Amino acid sequence: MKITAIRHVRGFDIARPISIGVVLGIMLPLVFLPLLSIFIYGTSKGLGTFWSSLIAPEAIFALKLSMVTSFWATMFNVVFGLLAAYVLSRYDFWGRNAVIVTISLPTAIPTAVAGFALLLLWGPYGTLGRLLNQQQVMFTPYAIILANIFVTFPLAFGVIKPVFDTMSRSLEEASATIGATRWQTFWHVTLPSLRGAIVSGALLTFARAVGEFGSTILVSGNLALRTQTAPLYIFAKFNEGQIEAANAIAIVLALLSFMIFSVLFFARDWLEFETQEA
Amino acid sequence: MTPKMQLAPDDPHVSWAPERTQKTGVAASVRSISKRFKKTPVLDDVSFDVAEGESLVLLGASGSGKTTILRIIAGLEQPDTGSVTLHGKDVTDLPARERGVGVIFQSYALFPRMTVEKNIAFGLKIRHRRRKERRETVDRLIKLVQLEKHRKKYPWQLSGGQQQRVAIARTLAYKPQVLLFDEPFGALDAQTRVHLRREIRALLKQVKVPSIFITHDQEEALELGDRIAVLNDGHLEQIGTPDEVYNHPATEYVATFLGAANLLLGVVTRGNVEIGTARLPAEKETRRFRDGQSVKLVFRPEDVCLSPDAKLPETCRRLANGVIEEVSFVGSYERLNVRLDLAHRPPTGELAAPLYQVTINTPERMIGVPIMATRPKPEAHTTRYKPGDRVAVGLTSFSLLPNYTLAKHR
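None of these values were measured; they are calculated from a predicted model. As a convention, each chain's residues are numbered from 1 in the sequence order in which they are written. Written order decides the labels, with chains lettered from A and ligands numbered from 1. Local features in a predicted model are, by the rule used here, given only for residues with pLDDT of at least 70; side-chain atom pairs are given and counted only at 80 or more, and totals for whole chains, interfaces and linings are based on all residues. The basis for every side-chain value is the complete set of heavy atoms in the structure, and neither hydrogens nor water enter the calculation.

Trainee: Can you help me understand the overall build of chain A in this one?
Mentor: Strands here are runs of E lasting at least two residues and helices are runs of H or I lasting at least four, both read from the DSSP assignment and numbered beginning at the N terminus. Within chain A, the regular secondary structure consists of 12 helices and zero strands. In sequence order, chain A lays out its α and β elements as α-α-α-α-α-α-α-α-α-α-α-α. Projected onto its principal axes, the C-alpha positions of chain A cover 75 × 65 × 30 Å. Each residue's exposure class comes from its accessible area (1.4 Å probe, protein chains only) as a fraction of the maximum for that residue type: buried when under 20%, exposed when over 50%, partly exposed otherwise. Taking all 278 residues of chain A together, 41% fall into the buried category. Each accessible area value is a Shrake-Rupley result obtained with a 1.4 Å probe; residue values ignore everything except the protein chains displayed when judging cover. Summed over its atoms, the accessible surface of chain A is roughly 15800 Å², and 72% of this surface lies on carbon and sulfur atoms. Charge convention: Lys and Arg are scored as positive, Asp and Glu as negative, and His as well as the terminal groups of each chain are ignored. Think of each charge as sitting on NZ of Lys, CZ of Arg, CG of Asp or CD of Glu. Averaging the coordinates of the 17 positive side-chain charges in chain A and doing the same for the 13 negative ones gives two points 3 Å apart.

Trainee: Explanation requested: the nonpolar core in the structure shown.
Mentor: Nonpolar side chains tend toward joint burial in soluble globular proteins. In these notes, a set of buried Ala, Val, Leu, Ile, Met, Phe, Trp, Tyr and Cys residues joined through side-chain atoms within 4.5 Å is what counts as a nonpolar core. Grouped together as the largest cluster of nonpolar side chains are 42 residues, with contacts concentrated most on Ile120, Leu141, Leu172, Phe181 and Val207 of chain B. Among the nonpolar cores identified, the runner-up in size contains 41 residues, and Ala174 and Ile178 of chain A together with Ile72 and Ala96 of chain B belong to it.

Trainee: Can you help me understand unusual backbone geometry in this one?
Mentor: Note on backbone geometry: most residues besides glycine have negative phi, and most peptide bonds are trans. Residues and elements named next belong to chain B. Here the phi dihedral of serine 32 falls at roughly 40 degrees; this positive angle occurs in a residue that is not glycine. With respect to the helices and strands, the residue serine 32 is situated in strand β1 (residues 26–37). Note on serine 32: relative accessible area 33%, which makes it partly exposed. In this structure, lysine 38 is a non-glycine residue whose phi angle is positive, near 55 degrees. Position of lysine 38 among the secondary structure elements: in the loop between β1 and β2 (40–51). Taking the relative accessible area as the measure of exposure, lysine 38 reaches 83% and is therefore exposed.

Trainee: How do you make sense of the interface of chain B and chain A when you look at a structure like this?
Mentor: Frequently, the measure chosen for interface size is the accessible area that the parts lose on association. Note on contacts: a residue pair is in contact if any heavy atoms of the two residues lie within 4.5 Å. Facing 24 residues of chain B, the contacting portion of chain A comprises 20 residues. Computed with a 1.4 Å rolling probe, the buried area is the accessible surface lost when two parts are put together, summed over both parts. Around 1900 Å² of area is buried between chain B and chain A when both sides are counted, 65% of it from carbon and sulfur atoms. Its largest share of buried area at the contact with chain A, chain B owes to Arg97, Arg113 and Ile126 of chain B, together 34% of the area lost on that side. Salt bridge, as applied in this entry: a Lys or Arg side-chain nitrogen positioned within 4 Å of an Asp or Glu carboxyl oxygen. Our count for the contact surface shared by chain B and chain A stands at one salt bridge. Arginine 71 of chain B is paired through a salt bridge with glutamate 173 of chain A; the nearest N and O atoms lie 2.7 Å apart. Any N or O atom pair separated by 3.5 Å or less is treated as a polar contact, with the protein-specific requirement of one donor-capable and one acceptor-capable atom, and with residues adjacent in sequence counted only for side-chain atom pairs. On the surface where chain B and chain A come into contact, there are seven residue pairs in polar contact (both at pLDDT 80 or more).

Trainee: So what exactly am I meant to see when it comes to the environment of threonine 140 of chain A here?
Mentor: Residues and elements named next belong to chain A. Mapped onto the elements of the fold, threonine 140 is located in the loop between α5 (111–122) and α6 (141–166). Judged by relative accessible area, which is 19%, threonine 140 ranks as buried. Here the alpha-carbon distance between threonine 140 and asparagine 222, two residues 82 residues apart in the chain, equals 9.5 Å. Side-chain polar atoms of threonine 140 contact the backbone oxygen of valine 137, separated by 2.5 Å.

Trainee: What is the right way to read the sheet that holds strand β13 (residues 278–281) of chain B from this model?
Mentor: Pairing between the strands of a sheet comes from backbone hydrogen bonds, and it takes one of two forms, parallel or antiparallel. All names here are of chain B. Spatial strand order, β13-β12-β11-β14-β20: five strands in an open sheet with antiparallel pairing. The sheet terminates laterally at β13 and β20 (399–402), the two strands that pair on one side only. Neighbour to neighbour, the strand axes of the sheet diverge by 40 degrees on average, direction disregarded. The rule for pairing is simple: two strands pair if DSSP sees at least two bridges between them. Pairing of strand β11 (residues 262–269) with strand β14 (residues 294–299) involves six bridges; the strand directions are antiparallel. Its bridge partner being in β14, glycine 266 is matched across the sheet by valine 295. Inter-axis angles, ranging from 0 to 180 degrees, are taken between N-to-C directions of lines fitted to C-alpha atoms, where helices are fitted over the stretch in contact.

Trainee: Hey, could you run me through the environment of leucine 82 of chain A in this one?
Mentor: All names here are of chain A. For leucine 82, the location among the structural elements is in helix α3 (residues 57–90). Taking the C-alpha atoms as reference points, leucine 82 and alanine 156, 74 residues apart in sequence, are found 7.8 Å from one another. Discounting chain neighbours no more than four positions away, the residues touching leucine 82 are Ile160, Phe164, Phe186, Leu191, Leu194 and Ile198.

This is the structure in structure tokens:
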């Protein structure tokens, strides 16, 4: 994209360096320095310490658990988001707008409230949890998945739905007149056009789920080597005063989010092309 | 520019129309179709047939319901009443995918994630045809539509005309019952449009698939259609060959929608049409009217002949005298606005004073009736007119329509 600005003054425009400086000056202490300090502090006692904190069984377990639970939450929310986006952009029914608002609601709910709500419903004395008897869901990895699903619910849907809305109906109509069934049309025509939206929706959901703390700490019970995810591990180790252990995992999580973000950012042209063509 | 489309001489498949056991002669038939959207009637009792190998143009302004008819034939819309028959089979209740019609959408609707080849092969792929058969058909079609160099490209890499050819090939691949073109040239510039419609006309003659076009462009309709159906406000005004609808319009709407037309009110009297004081001999044309009936006289600007000395050509029937009001050159022809004198009774012995004094069109009194005439360039060059010239006005051809001013039409 070519950047252009209107010339407001003759000659040197003092507003330019000042405004750029203000933006960078605000970002430095608020964003850059905290991120930088993770890396500086984490490696300050040498890479050996960093490495040994990283391969501690509890740390490995926490990372694995975070990945696995986030993966399943992402799978569920992408598939559900796809279905919901299809239904809500193709069918008109009574209460359609109410459903759209409800799907988007978890964005605005504090995560601690979400975790608390799940406990009230599924907890050992909860409305539904009471019926489960011995097979309790809360304080198990399933509870973490449940919390992740709740919190990241609207993300994939929010990315996929606009693509559905703007997609030309004539593509699907053309496919139908050519003789394709509804499923063939979806598989060969609709889905390929959604590829970009699905990828970015999944990445957003995953990134958000990996970092989820507020709801997870309430529903998981924070049991080391059983239900302790990476963010909970950081919190727990910090509380125990094991700053190096917390820091090692913090670096891994930060790097992971950088990676996801750069895929989203640098693949933007590709993703935008996808939506345009749709 | 793209060369003329031609099948290779050794190509055994000349026809892309489906093989049929019984030849009914009628490819598609629409019977008493009516349709309402919410409370608004869109189509009102529309019926027509398309013959085998014929191309029919549905011509109408936007909102005339032409797109709805097309969508009903394709199965993308359900009619409220009436039926659609394709090659003798009632398909009114069949979904779009079971009808086997080919729709060429205005936007072409090519699948953006598929190459030209894959787009064309799509119809065969979902029919689970063998790979070898798919490849052969795609090869033949790509050759037919002259896209050999572009077979691996994606739709966005093609020009509008190329995309359209892919869209046509994509439908031909499954041997459609009928081809439906929705405003096929709407998205193209004027030059490409003219070029492409000749190409498509040639292609259709070759593949022998009956087709229905939708357009609001009368020039396009006249060129593409073996027959033209003129739609107005959801009902069929007239259906006929381009010559019939253009030269013998059945209604005032058809006359004015298909090109420019002059309209005068007259009364039938003993084989003549009287328009004011003018008397136009029309033995043949008045036969279907009774004496004293009020009629509309419709004639095209190019059917007007003018003469500065009252000597009109043999083929011209004298209408009245007039005064040239305005002369303008419109590219390939000359347009004249003429005021007809329909108020003065000619003095007796017309030949003695063929261009009697008429006092129409003075700055004070504009009593002449305005008509429009056009002349081809050679004629405009031999006899020049300037505003104020008196001329004799005749007509080479015209049609008469009943004038229902009081009785409600239809």
